[in-house]
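As a plain string of letters, each chain reads:
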Amino acid sequence: KDDDFIAEALKRYDRGYEREESNIKEAYEDLDFLSGNQWPDAVRQDREESFRPVLTINRLPQFVRQVTGDIRQMRPSIKCVPVDNRGDKETAEVLAGMIRYIENRSDAEVAYTNGADSQVACGVGHWRVTHEYAEDTTFNQELRIVGIPDSVSVIWDPDSVLPNKEDAKFCFVPVDMSRAAYEQAYPDAPITDFERNTFGQDTAVDWIGDDFVRVAEYWEKRPETRTLALLPDGSIDDLTDDDSVTPEYLAELKAAGAKIEKRDGTCVYRSLITLGHVLEEPVKWIGRYIPIVRVCGEEYRVGRRTVRHGVVRFAKDPQRAYNYFRSTQTEVIALQPKAPFIGTEKNFEGLEAQWSMANTK
């Protein structure tokens, strides 16, 4: 049963990764370039072997911060607005206060800004909503907004079309753990079982390596039929998970003027998987949507292909040229003699050693 579940999950993962492979690779290259790795390896090695300057004067962070600085100043926040005849201003203000409490408790600004930094730099960012016990000694749970360290690695349903992915049927949030940490956390799911998988070599390479094991949260939407009752007073009662509802009770509601309908919908489940094991069985999530928030940079379609980028993508070539120019300028200045000599070849005959060091001594 677990093998069938994992096989289906990995097919979905591969399908989503295949659609986003070029965007993912280029996003990682953008982040690596932004961090200062701006010279091609072959060029750097050749210049270093020749004792030529290899300067990296990284000007890209200032352009990224021009955008992220505005985001920090604007302080994005959630606002509640009453929209129907059952909504009122006082209720909206109460809900807004609850949301502010959740954001303050979660230090949500850090999650927002980290997601925005990734969005601006490489084209995509994420954060998430989760729930946890308020304290170790209580059964009360509270919502929390937390960041996702590697926003680029999140895999979405490739058939979803909305920018925030609310119509996605599945989502993966992978985390690469060291082998030692994995073996300590999941001793009942040995790595040796991974070698017996039948899910394909390409998938195996992505999920296990010499120094890491990939663990992924797997979010999925499953079809569900809901039973709704529109009561005479205008209120709506969801009878789907109410075990006390019987055919007789539904008949009484209809006789009282209630309208009973069955609606096709979805429910969200979360599980934790690896290449060879289901580490945590699927559990129904309390919300209607997959609780992963996506923010994207500039995104457009080229036929069937989606192209997405941030500020860094088309600034890399000008930055490389700037590094070349500055390195060459430094090299020319360094090779010029400190005290230029003028004379014929005969004047310098026998003094070639001093001439060769004229720019350093």
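A short tour of the structure in this document, coming up. All of these numbers come straight from a predicted model, not from anything done at the bench. (Residues numbered from 1 in each chain as written. Predicted model: local features only at pLDDT ≥ 70, side-chain atom pairs only at ≥ 80, totals over all residues. Heavy atoms only, no water.)

What follows concerns the pairing of strand β4 (residues 170-177). Most of β4 is tucked away: six of the eight residues are buried. Where strand β3 (residues 155-156) and β4 come together, two bridges link them in antiparallel fashion. Paired with W156 across the two strands is C171, which belongs to β4. With eight bridges joining them, β4 and strand β5 (residues 213-230) adopt antiparallel strand pairing. In the strand pairing of β5, F172 is matched with Y218. (Buried < 20%, exposed > 50% of the residue type's maximum accessible area, 1.4 Å probe, protein only. Helix = DSSP H or I, 4+ residues; strand = E, 2+ residues; numbered from the N terminus. Pairing = 2+ DSSP bridges.)

Here the focus is a negative patch on the surface. On the surface, a cluster of negative charge is contributed by D2, D3, D4 and E281. At three residues, the largest contribution of residues to the negative patch is made by helix α1 (residues 2-34). Along the chain, D3 falls in helix α1. (Patch = residues over 30% accessible without salt bridge, like charges linked within 9 Å, V, L, I, M, F, W, Y side chains within 5 Å. Areas by Shrake-Rupley, 256 points an atom, 1.4 Å probe, with all protein chains shown as cover. Salt bridge = Lys/Arg side-chain N within 4 Å of Asp/Glu carboxyl O. Lys, Arg positive; Asp, Glu negative; His and termini not counted. Charge placed at Lys NZ, Arg CZ, Asp CG, Glu CD.)

A word on a nonpolar patch on the surface. On the surface, a cluster of nonpolar side chains totalling about 200 Å² of accessible area is made up of F63, V67 and V311. The residue V311 is located in the loop between β11 (305-309) and α9 (316-335) in this model. On the basis of relative accessibility, which here comes to 33%, the residue V311 falls in the partly exposed class.

Considered as a void within the structure, the largest pocket measures approximately 590 Å³ in volume. Of the residues belonging to the lining of the largest pocket, the class tally is 16 nonpolar, two polar and five charged. The space that makes up the second largest pocket amounts to roughly 430 Å³. Taken together, 24 residues line the second largest pocket, and the ones lying closest to its centre are E20, K165, R294, E299 and T306. Secondary-structure elements contributing two or more residues to the lining of the second largest pocket are α1, β1 (124-133), β3, β10 (298-302) and β11. Ranked by residue count, the leading element in the lining of the second largest pocket is α1, at four residues. Taken together, the residues of the lining of the second largest pocket break down into 10 nonpolar, five polar and nine charged. (1 Å grid on protein atoms, 1.4 Å probe; cavity = no way out; pocket = protein on both sides within 12 Å on 5 of 7 lines; lining within 4 Å. Points joined across faces, edges and corners; volume = space filled by probe spheres on them. Nonpolar A, V, L, I, M, F, W, Y, C, P; charged D, E, K, R; others polar.)

This part takes up unusual backbone geometry. One non-glycine residue, F51, adopts positive backbone phi at about 55°. Of note, F51 is situated in the loop between α2 (41-49) and α3 (60-74).

Evaluation of the coordinates by the stated rule reveals zero disulfides. Here C122 is not disulfide-linked; the sulfur of C296 is the nearest cysteine sulfur, at 11 Å. C122 gets classed as buried once you look at its relative accessible area, which sits at 2%. (Disulfide = S-S within 2.5 Å.)

For the rest of this paragraph, the subject is the nonpolar core. Residues F172, Y182, W207, Y218 and I273 are the most contacted members of the largest nonpolar core, which totals 28 residues. For this core, the secondary-structure elements that each account for two or more residues are α1, β4, β5, β7 (259-273) and β8 (278-284). A total of seven residues in this core trace back to one element, the largest contributor, which is α1. Among the nonpolar cores identified, the runner-up in size contains 11 residues, and W156, V268, I290 and I292 belong to it. (Core = buried A, V, L, I, M, F, W, Y, C linked by side-chain atoms within 4.5 Å.)

What holds strands together in a sheet is hydrogen bonding between their backbones, with the strands either parallel or antiparallel. On the basis of which strands lie adjacent, the open sheet formed by three strands has the order β2-β1-β9 and antiparallel pairing. Since the sheet does not close on itself, it has two edges, and those belong to β2 (141-147) and β9 (292-296), each with one partner. The sheet shows a mean angle of 20° between the axes of neighbouring strands, taken without regard to direction. In the packing of helix α4 (residues 89-106) onto the sheet, contacts are made with β1 and β2, and the angle to β2 comes to roughly 60°. (Axes fitted to C-alpha atoms, helices over the stretch in contact; angles between N-to-C directions. Contact = heavy atoms within 4.5 Å.)

For the structure shown, the criterion picks out 26 salt bridges. In this structure, E132 and R105 form a salt bridge, with 2.9 Å as the shortest nitrogen-oxygen distance. Of this pair, E132 sits in strand β1 while R105 sits in helix α4, and the two are 27 residues apart along the sequence. Here the residues in one salt-bridge network are E20, R294, E299 and R308, joined through shared partners.

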